[in-house]
Amino acid sequence: MRAAIAYARRNLGRTWPNPSVGALVVRFEAAGPRVVARGVTEAGGRGKPHAERIALAAAGAAARGAALYVTLEPCSHYGTTPPCVEAIIAAGIARVVVAQGDPDSRVAGRGVKILRDAGIEVKAEVLADTAEAGLAGHITRMRRGRPFITFKLAVSADGAIGQAGAGQVAISGPEARGRVHILRAEHDAILIGVGTALIDDPELTVRLPGMAHRSPVRIVFDSRARLPLDSRLVVTARDVPVWLVTGEMAPRHRIEALRAAGVDVLPVPTGPDGRVDPRHAMASLAWKGITSVLVEGGAALGQELLGLDLVDELAIYRSDVIVGGERIAAPAAVTAILAGDVGRFEWTANHQVGADRLYEFRRRLY
Ligand SMILES: NC(=O)c1ccc[n+]([C@@H]2O[C@H](COP(=O)([O-])OP(=O)(O)OC[C@H]3O[C@@H](n4cnc5c(N)ncnc54)[C@H](OP(=O)(O)O)[C@@H]3O)[C@@H](O)[C@H]2O)c1
């Protein structure tokens, strides 16, 4: 199961609205267990083959009498692909080992039941906690109707995330930036507030060698559709999708100009402050199939999401750099967490990444 979980990670961020699932066909022979075939959900989303079908097709006749290890309960419904349980039964699999049950109401235990009714031995909840990280997007989208949200931020030694009027300020080192690019590749979408777009003009793509095709959807919360037409995001919108989440009162001519430039504009209700309502926005993203969002700033958006309890995971890079000058302070909620007032979060890890220290926190579910 550990091998299936590791294999599932390969397509994280590339299969939405489907989860990236891993499946192994294993035969128990005199010399010990042997993996005869494996599959991971095919990239590209709706209608693409699920991991089980890929693994079974690769196994061919070797699937008869074998065990299937799969990280998520096999599907039992006709969606854009026929149910995997049918393929498993038809292939003659003798035993199915599952890590996580599927919270999708169309499956939710039915997958396991159909397999058992067909005489297949099923063992469920094997390494369920280990598998959860890779399935967190799917589980959160199904249970909460929103994507799983990770907030990543680099904070300087003097508590800054930027400097007024300075554009992009290097706070973390190259190793941390490399790690952030991997994080981008494993998410369905990256999100920033329009403040960051105006000040930093970021591209938000994956720029590790050979991984450009892993750039996720780039999303900007921009209540008044202020994103400049000559910004890096807009100029590259036809190569890597840009979704602008805007208020219903945003000027029509701006929306039309951005759409004409290839930006997908999503109007959502605004709150009393006239800003995009993050709860509605996240629900619309989930509705469009996004299961995981990496929030990359800035201060205002981060503070708002933390305040609304819309952050599931927090990754804070602390650096030794002193920003000085007219600094833009880290969100108050982040400063409090770093000072030990973790609230709903629990500290999960702490690594050295080059010259920076990475602190990771996860939201407690209560
Ligand atoms: N160190 C890091 O890791 C890091 C990462 C990213 C950015 N930064 C820095 O952060 C600074 C920008 O931060 P910022 O606070 O000015 O901007 P921001 O958080 O990126 O964007 C804020 C803007 O987003 C829009 N927005 C829409 N809906 C919102 C909502 N519900 N809540 C909050 N904002 C919403 C608002 O403009 P409208 O009302 O017009 O929609 C708001 O002014 C820059 O200096 C940048 O360099 C640092």
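About the thresholds
- Residues numbered from 1 in each chain as written.
- Predicted model: local features only at pLDDT ≥ 70, side-chain atom pairs only at ≥ 80, totals over all residues.
- Heavy atoms only, no water.
- Buried < 20%, exposed > 50% of the residue type's maximum accessible area, 1.4 Å probe, protein only.
- Helix = DSSP H or I, 4+ residues; strand = E, 2+ residues; numbered from the N terminus.
- Arc of directions from axis to C-beta.
- Contact = heavy atoms within 4.5 Å.
- Near = heavy atom within 4 Å.
- Polar contact = N/O pair within 3.5 Å; in protein donor to acceptor, adjacent residues only side chain to side chain.
- Areas by Shrake-Rupley, 256 points an atom, 1.4 Å probe, with all protein chains shown as cover.
- Nonpolar A, V, L, I, M, F, W, Y, C, P; charged D, E, K, R; others polar.
- Phe/Tyr/Trp six-rings, centres within 6.5 Å; stacked < 30°, edge-to-face > 60°.
- Lys NZ or Arg CZ within 6 Å of the ring centre and 35° of its normal.
- Domains from an automatic or database assignment.
- Buried area = accessible area lost by both parts, 1.4 Å probe.
- Salt bridge = Lys/Arg side-chain N within 4 Å of Asp/Glu carboxyl O.
- Core = buried A, V, L, I, M, F, W, Y, C linked by side-chain atoms within 4.5 Å.
- Pairing = 2+ DSSP bridges.
- Axes fitted to C-alpha atoms, helices over the stretch in contact; angles between N-to-C directions.

**Let's talk about helix H9 (residues 252-260)**
Taken together, the buried positions of H9 are occupied by Arg254, Ile255 and Leu258. Mapping the buried residues of H9 onto a view down its axis gives an arc of 100 degrees, with all of them on the same face. More than 90 degrees from the buried face of H9, the exposed residues found are Arg252, His253 and Ala260. On its buried face, H9 sits against helix H8 (232-235), strand E10 (242-247) and strand E11 (264-268). Immediately beyond the C-terminal end of H9, within one or two residues, lies Gly262, with a positive phi of roughly 100 degrees.

**Quick word on the site of the ligand**
Surveying the vicinity of the ligand reveals 27 residues, the closest of which are Ala154, Thr196, Asp200, Ser223 and Ala300. Contact between the ligand and Thr196: an oxygen atom at 2.6 Å from a side-chain N or O atom of the residue. Contacts to the ligand include Ala299, whose backbone N or O atom sits 3.2 Å from an oxygen atom. Against a free-state accessible area of 920 Å², the protein chains account for coverage of 90% of the ligand. When contributions to the shell around the ligand are tallied by element, the ones reaching two or more residues are strand E6 (148-155), helix H7 (194-200) and helix H11 (299-307). Looking at the shell around the ligand element by element, the count peaks at 5 residues for H7. Looking at the shell around the ligand residue by residue, the class counts come to 13 nonpolar, 6 polar and 8 charged.

**With respect to the packing of aromatic side chains**
Considering all chains together, one arrives at 1 aromatic pair under this definition. Aromatic pair Trp16 and Trp243: ring centres 5.9 Å apart, planes at 80 degrees, arrangement edge-to-face. You can see Trp16 sitting in the loop between helix H1 (2-8) and strand E1 (22-29) and its partner Trp243 sitting in strand E10, a full 227 residues away along the chain. The cationic tip of Lys288 hangs over the ring face of Trp243; the distance from NZ or CZ to the ring centre is 4.7 Å.

**As for the domain arrangement of the chain**
One can read the domain layout of the chain as domain 1 (2-138) and domain 2 (145-363). Between the C-alpha centres of domain 1 and domain 2 the distance comes to 33 Å. Counting from both sides, the interface comprises 13 residues of domain 1 and, opposite them, 14 residues of domain 2. It is Arg14, Trp16 and Gly137 that lose the most area in domain 1 upon contact with domain 2, and together they represent 44% of the buried surface on that side. The interface formed by domain 1 and domain 2 contains 2 salt bridges. Across the pair Arg362 and Glu132 runs a salt bridge, and its minimum N-O distance is 3.8 Å. Across the domain 1-domain 2 interface, the total number found is 3 residue pairs in polar contact (both at pLDDT 80 or more). Considered class by class, the residues forming the side of domain 1 that touches domain 2 number 5 nonpolar, 4 polar and 4 charged.

**Considering the nonpolar core**
A general tendency of soluble globular proteins is for nonpolar side chains to be buried together. Judged by nonpolar contacts, the single largest core of 37 residues is most densely connected at Met1, Val25, Leu56, Ile88, Ile93 and Val96. For this core, the secondary structure elements donating two or more residues are H1, E1, helix H2 (51-59), strand E3 (67-72), helix H3 (84-91), strand E4 (95-100), helix H4 (110-117) and helix H5 (128-144). Sorting elements by how many residues they give to this core places E3 first, with 5 residues. If sequence neighbours within four positions are ignored, Ile93 has contacts with Val25, Leu56, Ala63, Ala66, Ala67, Leu68, Ile88 and Ile120. In this structure, Leu153, Ile161, Phe221 and Val276 belong to the second largest nonpolar core, which totals 33 residues.

**Brief notes about the sheet that holds E1**
Strand order across the open sheet formed by 5 strands is E2-E1-E3-E4-E5, with mixed pairing between neighbours. The open sheet has two edge strands, strand E2 (32-40) and strand E5 (121-123), and neither has a second partner. Each neighbouring strand pair of the sheet contributes to a mean axis angle of 20 degrees, computed without reference to strand direction. Pairing analysis gives 3 bridges linking E4 to E5, with the strands arranged parallel. Looking at the pairing, Arg95 lines up with Glu121 of E5.

**Points about the sheet that holds strand E9 (residues 217-221)**
The strands making up a sheet are joined through hydrogen bonds of the backbone, oriented either antiparallel or parallel. With mixed pairing, 9 strands are arranged side by side in an open sheet as E11-E10-E9-E8-E12-E6-E13-E16-E15. Edge positions in the sheet fall to E11 and strand E15 (345-353), since each of these pairs with one other strand and no more. Recorded for the sheet is a direction-independent mean angle of 20 degrees between the axes of neighbouring strands. In terms of strand pairing, E6 meets strand E12 (residues 292-295) through 4 bridges, oriented parallel. Residue pairing across strands places Thr150 opposite Leu294, the latter belonging to E12. With respect to the sheet, helix H6 (residues 174-185) is in contact with E6, strand E8 (189-193), E12, strand E13 (313-318), E15 and strand E16 (356-363), its orientation differing from that of E15 by roughly 130 degrees.

**Some details on unusual backbone geometry**
Omega for the peptide link from Trp16 to Pro17 comes to 10 degrees, which places this bond in the cis form. Here Pro17 is to be found in the loop between H1 and E1. Of note, the bond from Gly297 into Gly298 is cis; its omega dihedral lies within 30 degrees of zero at 0 degrees. Relative to the elements of secondary structure, Gly298 occurs in the loop between E12 and H11.

**Re the environment of Leu208**
With respect to the helices and strands, the residue Leu208 is situated in the loop between H7 and E9. What makes Leu208 partly exposed here is its relative accessible area of 22%. Residues Leu208 and Asp356, spaced 148 residues apart in sequence, show a C-alpha to C-alpha distance of 19 Å. With near-sequence residues (within four places) excluded, Leu208 lies in contact with Gly178, His181 and Ile182.

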